[in-house]
Amino acid sequence: MAYLIDGKRIAQEIKDELKDKVAALKAQGKSGTLVVIQVGSDPASSVYVRNKKAACAYIGIDSISHELPEDTTEEALLTLISELNQKPEVKGILVQLPIPKHMDENKVICAISPEKDVDGFSPKSVGALVIGQKGFVSCTPAGIIELLVRAKLPDFSIEGKHCVIVGRSNIVGKPMALLMLRENATVTIAHSKTKNLPALCTQADILIVAMGKPGFIGAEYVKEGAVVIDVGIHRKEDGKLCGDVRFREVEQKAFAITPVPGGVGPMTIAMLMKNCVESIEV
Ligand code: GUN
């Protein structure tokens, strides 16, 4: 049976470290606010926004949320971002994705000042990651590296491993590949047009699945002894959550695996908090 990588425990450990750091920063007179913007009322986004605010409250950072109606104009959103960019007490700005289709996501992301881009989505943040400079890193991929390091799996390190990432999104797949490269892994990115996906995935020492397809990855995609990270999160008809990986099947074959829920999900928020604290620190 595989090692269970406990994201909930590791995220809690990080948040507790950050709570101490925030208290120390406050003692030096350093504080700041995270502003979270949600446009529309997508139920999943509402849960994420609520969890982000709760994490801020836990570690001792102020947070404000703007819940804007679905029919908000792009211009109104850009104006709000521009105002927040100019407020010195606002240290982090985050627009919860997805945003309504009548808005240009790229334009909205680019409007956030890179110094306040705690999601790490802006071209400046992504460019810095590409060339190994300092900058905010997208929270889910950063959280996956942290999971692999802090899980303390016996005789395991990322260096030299073949990491196959299934999914090429700007938020997860692409930054994940860059972070794995930074850790000296050999990296392959697979996507919806990749031929013979099972043959490729079974070459992975570390398999990171971010496809957005519930239960897609079964044992036939997994090499014996691989580490399997499941980024997917889906609500089933019975109300329970599941990932992109068929956990029960894959745990028989893997060396270590993340559960859903309680794997990658809590790490995303912990890393967002880490970025917010960095933004207050400077
Ligand atoms: N939607 C799904 N994941 C994320 C995330 O990490 N940040 C934001 N802003 N929106 C998301």
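Computed from a prediction, not measured in an experiment: that's the story for all the values here.

Definitions and limits used
Residues numbered from 1 in each chain as written. Predicted model: local features only at pLDDT ≥ 70, side-chain atom pairs only at ≥ 80, totals over all residues. Heavy atoms only, no water. Helix = DSSP H or I, 4+ residues; strand = E, 2+ residues; numbered from the N terminus. Contact = heavy atoms within 4.5 Å. Axes fitted to C-alpha atoms, helices over the stretch in contact; angles between N-to-C directions. Parallel < 35°, antiparallel > 145°, perpendicular 65-115°, else oblique. Left-handed = near helix turned anticlockwise from the far one by under 90°. Nonpolar A, V, L, I, M, F, W, Y, C, P; charged D, E, K, R; others polar. Buried < 20%, exposed > 50% of the residue type's maximum accessible area, 1.4 Å probe, protein only. Pairing = 2+ DSSP bridges. Core = buried A, V, L, I, M, F, W, Y, C linked by side-chain atoms within 4.5 Å. Patch = residues over 30% accessible without salt bridge, like charges linked within 9 Å, V, L, I, M, F, W, Y side chains within 5 Å. Areas by Shrake-Rupley, 256 points an atom, 1.4 Å probe, with all protein chains shown as cover. Salt bridge = Lys/Arg side-chain N within 4 Å of Asp/Glu carboxyl O. Expected span 1.5 Å × (residues − 1). Phe/Tyr/Trp six-rings, centres within 6.5 Å; stacked < 30°, edge-to-face > 60°. Lys NZ or Arg CZ within 6 Å of the ring centre and 35° of its normal.

S.K.: Where do I start with the environment of Leu178 in this structure?
M.R.: Among the structural elements, Leu178 can be located in helix 7 (residues 173-182). Placed 47 residues apart in sequence, Leu178 and Ile131 show a C-alpha to C-alpha distance of 9.3 Å. Discounting residues that sit within four places of it in the chain, Leu178 has contacts with Leu129 and Val130.

S.K.: Whenever I open this one, the packing of helix 2 (residues 43-59) against helix 10 (residues 264-281) confuses me. Can you help?
M.R.: Each pair of packed helices can be described by the angle between their axes along with the distance between the axes. Running from N to C, helix 2 and helix 10 cross one another at 55°; their axes reach a closest spacing of 10 Å. Put simply, helix 2 runs oblique to helix 10. Where helix 2 crosses over helix 10, the handedness of that crossing is right-handed. Mapping the contact onto sequence places Tyr48, Asn51, Lys52, Ala55, Cys56 and Ile59 in helix 2 and Ile269, Leu272, Met273 and Val277 in helix 10. For the contact of helix 2 with helix 10, the class distribution of residues is eight nonpolar, one polar and one charged.

S.K.: Sorry, what's going on with the side chain of Lys15 here?
M.R.: Take Lys15: it is sitting in helix 1 (residues 7-27). Sequence-distant contacts of Lys15, defined by excluding residues within four places in its chain, comprise Ala55, Tyr58, Ile59 and Ala270.

S.K.: Hey, could you run me through the pairing of strand 7 (residues 206-209) in this one?
M.R.: Looking down a regular strand, the side chains alternate between one sheet face and the other. Because side chains alternate across strand 7, one face comprises the buried residues Ile206 and Ile208, and the other comprises Leu207 and Val209, equally buried. The pairing of strand 7 with strand 8 (residues 227-230) spans four bridges and is parallel. Of the residues in strand 8, the one forming a bridge with Ile208 is Ile229.

S.K.: Would you explain the nonpolar core in this entry?
M.R.: In terms of nonpolar packing, the biggest core is built from 52 residues, with Leu34, Leu148, Met180 and Ile208 touching the most fellow members. Excluding its chain neighbours within four sequence positions, the residues that come into contact with Met180 are Ile145, Leu148, Ile158, Cys163, Ala185, Val187, Ile206 and Ile208.

S.K.: Sorry if this is basic, but what is going on with a nonpolar patch on the surface here?
M.R.: A cluster of nonpolar side chains, namely Val126, Val130 and Ile131, defines an oily patch on the protein surface of about 260 Å² accessible area. Tracing the sequence through the fold places Val130 in helix 5 (residues 123-130).

S.K.: Could you clarify how one ought to interpret helix 10 in this entry?
M.R.: Look at helix 10: 26 Å from first C-alpha to last across 18 residues, which is about the 26 Å you get at 1.5 Å a residue. Burial in helix 10 covers these residues: Val264, Met267, Ile269, Ala270, Met271, Leu272, Met273, Asn275, Cys276, Val277, Ser279 and Ile280. Along its buried surface, helix 10 packs onto helix 1, strand 2 (33-39), helix 2, strand 4 (90-95), helix 6 (139-150) and strand 8.

S.K.: Just checking my understanding: could you explain the packing of aromatic side chains for this structure?
M.R.: Each aromatic ring pair is specified by the distance between its two centres and by the angle formed by the two planes. Counting across every chain of the model gives two aromatic pairs. For the ring pair Tyr3 and Phe255, a centre distance of 5.4 Å and an interplane angle of 75° mean the geometry is edge-to-face. On the criterion of sequence distance, the pair formed by Tyr3 in strand 1 (residues 3-4) and Phe255 in the loop between helix 9 (247-250) and strand 11 (256-257) is long-range, its members being 252 residues apart. Overall, Phe255 belongs to the partly exposed group, its relative accessible area being 24%. A centroid spacing of 5.8 Å and a plane angle of 55° characterise the contact between Phe216 and Tyr221, whose relative ring orientation is tilted. Residue classification places Phe216 among the partly exposed positions, given a relative accessible area of 30%. The lysine or arginine in question, Lys15, covers the ring of Tyr58, its NZ or CZ lying 5.9 Å from the ring centre.

S.K.: Can you walk me through the environment of Arg150 in this structure?
M.R.: Its place among the elements puts Arg150 in helix 6. You can call Arg150 buried: its relative accessible area is 17%. A sequence separation of 18 residues divides Arg150 from Gly132, and the C-alpha atoms of the two residues are 22 Å apart.

S.K.: It is not clear to me how the sheet that holds strand 3 (residues 62-68) should be interpreted in this structure. Could you clarify?
M.R.: Hydrogen bonds along the backbone pair up the strands of a sheet, which may run parallel or antiparallel. With respect to topology, three strands assemble into an open sheet ordered 3-2-4, the strand pairing being parallel. Each end of this open sheet is capped by a strand with a single partner; those strands are strand 3 and strand 4. Recorded for the sheet is a direction-independent mean angle of 20° between the axes of neighbouring strands. Pairing geometry for strand 2 and strand 4, over five bridges, is parallel. Looking at strand 4, one finds that Thr33 is bridged to Val90.

S.K.: What should I look at first to understand the sheet that holds strand 6 (residues 186-190) in this one?
M.R.: Here six strands make up an open sheet; going across it, the order is 1-11-8-7-5-6 and the pairing parallel. The sheet is open, and its two edges are formed by strand 1 and strand 6, each paired on a single side. Note: strand 1 against strand 11, two bridges, orientation parallel. Following the sheet pairing, Tyr3 is matched in strand 11 by Ala256.

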